[in-house]
Amino acid sequence: MIDAILLLAVLGAPDCGEIRQYAIGGDYTSAKDRRNLALVEAFHFTPDIEAIRRTAIRPGENIATTLEHYPNHHRALAAMARLGQREAAAKVNGAAYTVDCYFERAMRYRPDDAKVRVVFSSHLLETGRADAALLQMREAVRIDPLDPASHYNLGILLVMRGDFAEAKLHARQAYERGFPLPALKNKLLEAGHWKDGD
């Protein structure tokens, strides 16, 4: 199992702060905790903020506030990652922590939330850290082995590394579970590691 200690060994060891429990907030994946999600999103995670439009007011501060209340808010984590990439900064304007810290906090808060790992893997890949992205995607598949999208994304990362045999295994898992996108199969076909009927 990949845990926060291994993650920090890969990425460095920033101080990502303690996670506080608020009256409004909690686990993004919990129906009970999401009862007040609309209230947080109405003020801090509007469509303008999520899309990081020019009309968005203090996007870094508002996304950070959303993640303070819901540390594993998948869409807010993805928006924080996009904002960090847009600003070409490890820590965006208005945020208390680095982008990587918000992911570390989410994983510490809900280590069994595979979607956090998927979003983090995408961010790591976008910021040139393919080995760390692969580790996170492997962990996502370990946490939720039935998710076809995670198998697909892991397969794509493995193809990028030239590990076609393992990529084919994950491609089968993805397609047997109905994943619709053909890019992984096409990449394996081009590399001579997939035949029609596989």
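The name given to the chain in an unreviewed UniProt entry is ABC transporter permease, with Massilia agrisoli as the source organism.

Visitor: Lay out the overall build of the chain with the relevant residues and their values.
Guide: When you go through the chain residue by residue, the secondary structure sums to 11 helices and 0 strands. Listing every helix and strand of the chain by position from the N terminus yields α-α-α-α-α-α-α-α-α-α-α. A compact globule built from 198 residues should have a C-alpha radius of gyration of about 16 Å, and the chain, at 18 Å, falls within 12% of that. Dimensions of the chain along its principal axes, counting C-alpha atoms only, are 55 × 35 × 35 Å. Residues counted as buried form 44% of the 198 residues belonging to the chain. Taking the contacts inside the chain whose residues are at least 6 apart along the sequence as the reference set, 56% of them involve residues at least 24 apart. Roughly 10100 Å² of accessible area belongs to the chain as shown, and the carbon and sulfur atoms make up 53% of that amount. Distance between charge centroids for the chain: 2 Å, based on 26 positive and 26 negative side chains.

Visitor: Residue-level account of the packing of helix H7 (residues 114-126) against helix H9 (residues 148-161), with values.
Guide: Helices that pack against each other are described as a pair by the angle of their axes relative to one another and the distance between those axes. In contact at an axis separation of 11 Å, H7 and H9 are set at 25° when each is read in the N-to-C sense. When the interaxial angle is binned, H7 and H9 end up roughly parallel. Judged by the twist between their axes, the crossing of H7 over H9 is left-handed. From H7, Val118, Ser121 and Leu125 reach across to H9, where they touch Ser150, Asn153, Leu157 and Met160. In the contact of H7 with H9, the residues fall into 4 nonpolar, 3 polar and no charged.

What counts, and where the lines are drawn
- Residues numbered from 1 in each chain as written.
- Predicted model: local features only at pLDDT ≥ 70, side-chain atom pairs only at ≥ 80, totals over all residues.
- Heavy atoms only, no water.
- Helix = DSSP H or I, 4+ residues; strand = E, 2+ residues; numbered from the N terminus.
- Rg over C-alpha atoms; globule rule 2.2 N^0.38 Å.
- Buried < 20%, exposed > 50% of the residue type's maximum accessible area, 1.4 Å probe, protein only.
- Contact = heavy atoms within 4.5 Å.
- Areas by Shrake-Rupley, 256 points an atom, 1.4 Å probe, with all protein chains shown as cover.
- Lys, Arg positive; Asp, Glu negative; His and termini not counted.
- Charge placed at Lys NZ, Arg CZ, Asp CG, Glu CD.
- Axes fitted to C-alpha atoms, helices over the stretch in contact; angles between N-to-C directions.
- Parallel < 35°, antiparallel > 145°, perpendicular 65-115°, else oblique.
- Left-handed = near helix turned anticlockwise from the far one by under 90°.
- Nonpolar A, V, L, I, M, F, W, Y, C, P; charged D, E, K, R; others polar.

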